[in-house]
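# Commentary on secondary and tertiary structure
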Amino acid sequence: MTEVLPYGRQWVDDDDVAAVVEVLRSDYLTTGPAVPAFETALSDVSSAPNAVALNSGTSALHAMYFAAGLEPGDEIVTSPLTFAATANAALYLGATVRFVDVEPDTGNLDPERVEEAIGERTRLIVPIDYAGLPADYDRLTPIAARHGLRIVADAAHSLGASYRGRPVGTLADATEVSFHPVKPVTTAEGGAVLTADVELAARARLFRSHGITREAGMLERPDEGAWWYEQHELGFNYRLTDLQAALGTSQLRKLGRFVERRRAIAARYDAALAGQAGLTLPARRDGVESGWHLYVVRVEDEGVRRRVFDRLRAEGIWVQVHYLPVPWHPYYRRLGYPTDDWPVAADFYRRAISLPIFPRMGDEDVDRVVDALGRILGDER
Ligand SMILES: Cc1ncc(COP(=O)(O)O)c(C=O)c1O
């Protein structure tokens, strides 16, 4: 049987395993020293002064929106071309979501359209760094400033990427990242909030653990005794375990290498597919270095997408589609979101196929995908 080539997968080595085993044999499986050590490592790689580790990218989004002050009745402005969690986390807090269409080539939130979508209740602008390519922060930042809004980024795809020399983690008021196995580095499940804002980080930290604090400076009654703690907000148990944090620290040492390999794979696809009729390749932007979480091609004729997708899968090339526009999900339709307001995202979705890309993929794997795609598209002509 031909080996199945997934669209993404982790790369876990002996040193990662050893790091986890060491924690298993230690005193703390959770709430121990591996978590702050991971947060320090995250700050180091991202240049974000504060990092708060959480047990998923989704909980990191929830904590980030909470920490940025999102309340019932507020609204966020975001892209429909994302994973549902970006929007769901706002609904968790009783806020609503205003979806704004994307740029036709990058699939990122279109700054041109953001300003007209801002209303009375808008609090946050939430760009997604789709496929690992940072959104256009230099155009979004002045829009946010003009309206007194904050930008909080969904960078689940883009840790290790950079925008005009600035790393992901420093481009927005706060940035959520994810450590799901297909992501730039993994902790199995996991996520983090990165920010320069000390207060926002403190609120995210509080939210991560029930809204409970033991910090003397925060307690209303600091003199009750060493057992004393107080709940100040309605938080959750969103803590990352020490096992996962140790895995994350070990993985982060390889982030540079992983991203470099992803870039080499993207370059190999670009070169091999450049002349391929019927196909649009991922866009690049001057001065913006993608982390290449995904390599998304678009077929020119949307009528062939389904067949091309099915045939690639039949050959063991486990392609994916990112994403069904969020407001198209039955849940969002039930909430009354229209389905035809985002023609660019809809068109992007209808043509998109995510080809396999992950650091451990060999050049021969890339060539196998290129050959199969060329052959299948040839049959469709
Ligand atoms: C754009 C985007 N946002 C948020 C998430 C949620 O991250 P997690 O799976 O770690 O909860 C994902 C992950 O699938 C994602 O791709």
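Numbering of residues begins from 1 in every chain and follows the order in which that chain's sequence is written. This being a predicted model, a pLDDT of at least 70 is required before a residue's local features are given, and a value of 80 or more before pairs of side-chain atoms are given or counted; all residues contribute to the totals for chains, interfaces and linings. Computation of side-chain values covers all heavy atoms of the structure but excludes hydrogens and water.

## A short note on the sheet that holds strand β10 (residues 191-195)
- In this scheme, strands are said to pair when DSSP sees at least two bridges between them. Helix and strand assignments come from DSSP, with helices taken as H or I runs of at least 4 residues and strands as E runs of at least 2, each series counted from the N terminus. With respect to topology, seven strands assemble into an open sheet ordered β2-β10-β9-β6-β5-β3-β4, the strand pairing being mixed. Sheet topology places β2 (50-54) and β4 (96-99) at the edges, where each strand pairs with a single neighbour. The sheet shows a mean angle of 25 degrees between the axes of neighbouring strands, taken without regard to direction.
- Relative to β10, strand β9 (residues 174-178) is paired through five bridges, and the arrangement is antiparallel. If you follow A174 over to β10, its bridge partner there is T195. Lines are fitted to the C-alpha atoms to define the axes, a helix being fitted only along its stretch in contact, and any angle between axes, read from their N-to-C directions, falls within 0 to 180 degrees.

## With respect to the pattern of salt bridges
- For this document, the term salt bridge refers to a Lys or Arg side-chain nitrogen within 4 Å of an Asp or Glu carboxyl oxygen. One pass over the structure, following the stated rule, counts 27 salt bridges.
- With a closest N to O distance of 3.0 Å, K254 and D15 form a salt bridge. Of this pair, K254 sits in the loop between α8 (242-252) and α9 (255-273) while D15 is found in helix α1 (residues 14-24), placing the two residues 239 residues apart along the sequence.
- When a residue's accessible area, from a 1.4 Å probe over protein chains only, is under 20% of the maximum for its type it is buried; when over 50% it is exposed; and in between it is partly exposed. Take K254: its relative accessible area is 4%, and that puts it in the buried class.
- The exposure class of D15 is partly exposed, given its relative accessible area of 40%.
- Note that R311 and D379 form a salt bridge whose closest N and O atoms lie 3.0 Å from each other. Placement of the pair is R311 in helix α10 (residues 305-314) and D379 in helix α13 (residues 363-380), with a sequence separation of 68 residues.
- Shared partners join several salt bridges into a network, and the residues in it are R261, R268, D363 and D367.

## Focus on the packing of α1 against α8
- For the pair α1 and α8, interaxial distance at closest approach is 8 Å and the crossing angle is 150 degrees. Judged on the interaxial angle alone, α8 and α1 are roughly antiparallel. Note that α1 runs across α8; the crossing there is right-handed. Contact with α1, carried on its side by D15, D16, A19, V20, V23 and L24, involves D242, L243, A246, L247, S250 and Q251 of α8 and no other residues of that element.
- Looking at the contact of α1 with α8 residue by residue, the classes come out as seven nonpolar, two polar and three charged. To sort the angles, those under 35 degrees are grouped as roughly parallel, those over 145 as roughly antiparallel, those from 65 to 115 as roughly perpendicular, and the leftovers as oblique. Should the near helix be turned anticlockwise from the far one by less than a right angle, the crossing is left-handed, and should it be turned clockwise, the crossing is right-handed. Contacts: residue pairs with any heavy atoms within 4.5 Å of one another. Throughout, the ten residues Ala, Val, Leu, Ile, Met, Phe, Trp, Tyr, Cys and Pro are labelled nonpolar, Asp, Glu, Lys and Arg are labelled charged, and all others, Gly among them, are labelled polar.

## Examining the site of the ligand
- Throughout, near means a residue has at least one heavy atom within 4 Å of the molecule or strand. Within the structure, the ligand sits among 14 residues, and G57, T58, D154, S178 and K183 are positioned closest to it.
- At 2.6 Å, a side-chain N or O of T58 approaches an oxygen atom of the ligand.
- Y323 has a polar side-chain atom sitting 2.9 Å from an oxygen atom of the ligand.
- For the ligand, the protein covers 91% of the area, taking 390 Å² as the surface of the free molecule.
- The greatest single-element share of the shell around the ligand, amounting to three residues, is contributed by helix α3 (residues 57-67).
- Looking at side-chain class alone, the shell around the ligand contains four nonpolar, eight polar and two charged residues. Under the rule applied, a polar contact is a pair of N or O atoms within 3.5 Å (in protein, one hydrogen donor and one hydrogen acceptor; residues adjacent in sequence only if both atoms are side-chain atoms). Here, Shrake-Rupley sampling with a 1.4 Å probe gives the accessible areas, and only protein chains in the shown set may cover a residue.

## Some words on the sheet that holds strand β7 (residues 162-163)
- The antiparallel open sheet is built from three strands, whose spatial order is β8-β7-β14. Each edge of the open sheet carries a strand with a single partner, namely β8 (166-167) and β14 (288-289).
- Examined bridge by bridge, β7 and β8 share two bridges and lie antiparallel to one another. Residue pairing in the sheet places S162 in a bridge with P167 of β8.

## Section: the side chain of S46
- Among the secondary structure elements, S46 is positioned in helix α2 (residues 34-46).
- With a relative accessible area of 1%, S46 lands in the buried category.
- Among the polar contacts made by the side chain of S46, one reaches the main-chain carbonyl oxygen of L42 at a distance of 2.8 Å.
- When sequence neighbours within four positions are dropped, the list of residues in contact with S46 reads L159, P167, V168, G169, T170 and L194.

## Observations concerning the nonpolar core
- With 50 residues, the main nonpolar core has Y65, L70, I76, F99, L124, V152 and V193 as its most contacted residues.
- Taken together, the elements giving at least two residues each to this core come down to β2, α3, α4 (85-92), β4, β5 (122-126), α7 (198-208) and α12 (343-351).
- Per-element accounting of this core gives the leading share, seven residues, to α3.
- Apart from the residues within four sequence positions on either side, L70 is in contact with Y65, E75, I76, A90, L93, A95, R123 and L124.
- Only buried residues count toward a nonpolar core, which is a set of Ala, Val, Leu, Ile, Met, Phe, Trp, Tyr and Cys residues joined through side-chain atoms within 4.5 Å. With 46 residues, the next largest nonpolar core counts A19, V114, Y163 and L171 among its residues.

## Brief notes about α4
- The complete set of buried residues in α4 reads A85, T86, A87, A89 and A90.
- Residues of α4 that are buried sit in contact with α3, β3 (75-78), β4, β5, β6 (150-154) and α11 (330-334).
- Looking one or two places after α4, you find G94, whose phi comes out positive at around 80 degrees.

## A look at the packing of aromatic side chains
- Any Phe, Tyr or Trp ring, taking Trp's six-membered ring, that has another such ring centre within 6.5 Å forms a pair; planes under 30 degrees apart are called stacked, those over 60 apart edge-to-face, and the others tilted. If you walk through the whole model with that rule in mind, you get 18 aromatic pairs.
- Taking 6.0 Å as the distance between ring centres and 75 degrees as the angle between the ring planes, the aromatic pair formed by F99 and Y332 counts as edge-to-face. Of this pair, F99 sits in strand β4 while Y332 is found in helix α11, placing the two residues 233 residues apart along the sequence. Of the two residues examined, F99 and Y332, each falls in the buried class.
- One aromatic cluster in this structure is built from F99, Y331, Y332, Y337 and W342.
- The ring centre of F66 lies 4.4 Å from the NZ or CZ of R203, which sits over that ring.
- For a lysine, the NZ atom is tested; for an arginine, the CZ atom; a charge sits over a ring if that atom is within 6 Å of the ring centre and within 35 degrees of the ring normal. Sitting over the ring of Y349, R305 keeps its end group 4.9 Å from the ring centre.

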